[in-house]
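Reading the structure
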Amino acid sequence: MTSPATPTTTAAPTANRRGLISALLLVAAVCVAVVALVVLLPAARSDPYTRSTLQLSGSGERGEQLFLINCAGCHGIAAQGLVGPNLHGVHNRKNNRQLIQQVVSGRTPPMPRFQPEPQAMADLLTYLNTLT
Ligand code: HEC
């Protein structure tokens, strides 16, 4: 009685292929989910203030003026550091969202919480990004 074995041998590759296709579909689904998390979540998470600030293009010159008035007392007139840290190269440590949070959140006393208009914040960001 060898006949019962015959269907198994022909069915096995089909089953394997189905398994492979499901596995590939699963991998594809996981990739889509990861991309969605990485790309969409940060955008969705940022608040309207951050979003409108990031849409504006800032002026480094106005940003420097704002910096001299509001920030230089602690960070130094050349942002070289005083009470607050040296800000040269800060954009390598913090991305634009984190820089905005740093300025508006007040989460790291003694640095106060600032509430600049989005345009002023965009100017400050541009200035901070010029500090190499
Ligand atoms: C009263 C003093 C003070 C003022 C005013 C101030 N800061 Fe700060 N700032 C600090 C201190 C202190 C820290 C360090 C906080 C910490 O991480 O513990 C800091 C941290 C920062 C950082 C993060 C630095 C890093 O290495 O990650 C940035 C960016 C920054 N300040 C920008 C600004 C800007 C822009 C302004 C003006 C709008 C400002 N600060 C005004 C005291 C000040």
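Please refer to the structure placed before this passage.
Residues numbered from 1 in each chain as written. Predicted model: local features only at pLDDT ≥ 70, side-chain atom pairs only at ≥ 80, totals over all residues. Heavy atoms only, no water.

Observations regarding the coordination of the iron atom of the ligand
Taken together, His75 (NE2) and Met111 (SD) make up the protein donors of the iron atom of the ligand, found 2.0 to 2.1 Å from the metal. Coordination at the iron atom of the ligand is octahedral: its six donor atoms span angles of 86 to 179° at the metal. In this pair, histidine 75 sits in helix H4 (residues 72-75) while methionine 111 sits in the loop between helix H6 (96-105) and helix H7 (118-130), placing the two residues 36 residues apart along the sequence. (Donors = N, O, S within 2.8 Å, 3.2 Å for Na, K, Ca; no water. Tetrahedral: all angles 85-135°; square planar, octahedral: opposite > 155°, others 65-115°. Helix = DSSP H or I, 4+ residues; strand = E, 2+ residues; numbered from the N terminus.)

Structural notes on the nonpolar core
Ranked by internal contacts, the top residues of the largest apolar core, which has 17 residues, are Phe67, Ala79, Leu87, Met121 and Leu131. When contributions to this core are tallied by element, the ones reaching two or more residues are H6 and H7. The dominant element in this core, judged by the number of residues it contributes, is H7, at five residues. Leaving out residues up to four positions away in the same chain, phenylalanine 67 has contacts with Ala72, His75, Gly76, Ala79, Leu87, Leu124 and Tyr127. (Core = buried A, V, L, I, M, F, W, Y, C linked by side-chain atoms within 4.5 Å. Buried < 20%, exposed > 50% of the residue type's maximum accessible area, 1.4 Å probe, protein only. Contact = heavy atoms within 4.5 Å.)

Looking at the side chain of threonine 50
As for its placement among the helices and strands, threonine 50 is situated in helix H2 (residues 48-55). Since its relative accessible area comes to 1%, threonine 50 is described here as buried.

Examining the site of the ligand
Taken together, 19 residues lie around the ligand, and Cys71, Cys74, His75, Lys94 and Met111 are the ones closest in. Histidine 75 is positioned such that a nitrogen or oxygen atom in its side chain is 2.8 Å from a nitrogen atom of the ligand. With respect to the ligand, the side chain of arginine 93 contributes an N or O atom lying 2.8 Å from an oxygen atom. Of all the secondary-structure elements, those providing two or more residues to the shell around the ligand are H4, helix H5 (90-93) and H6. The element contributing the most residues to the shell around the ligand is H6, with three residues. Across the shell around the ligand, the residue classes break down as twelve nonpolar, five polar and two charged. (Near = heavy atom within 4 Å. Polar contact = N/O pair within 3.5 Å; in protein donor to acceptor, adjacent residues only side chain to side chain. Nonpolar A, V, L, I, M, F, W, Y, C, P; charged D, E, K, R; others polar.)

Things to note about the pattern of salt bridges
Using the criterion set out here, one finds one salt bridge in the structure. Among the ionic pairs, arginine 62 bridges to aspartate 123, the shortest N-O distance being 2.9 Å. Of the two residues, arginine 62 is situated in helix H3 (residues 60-70) and aspartate 123 in helix H7; the sequence distance between them amounts to 61 residues. Taking the relative accessible area as the measure of exposure, arginine 62 reaches 42% and is therefore partly exposed. (Salt bridge = Lys/Arg side-chain N within 4 Å of Asp/Glu carboxyl O.)

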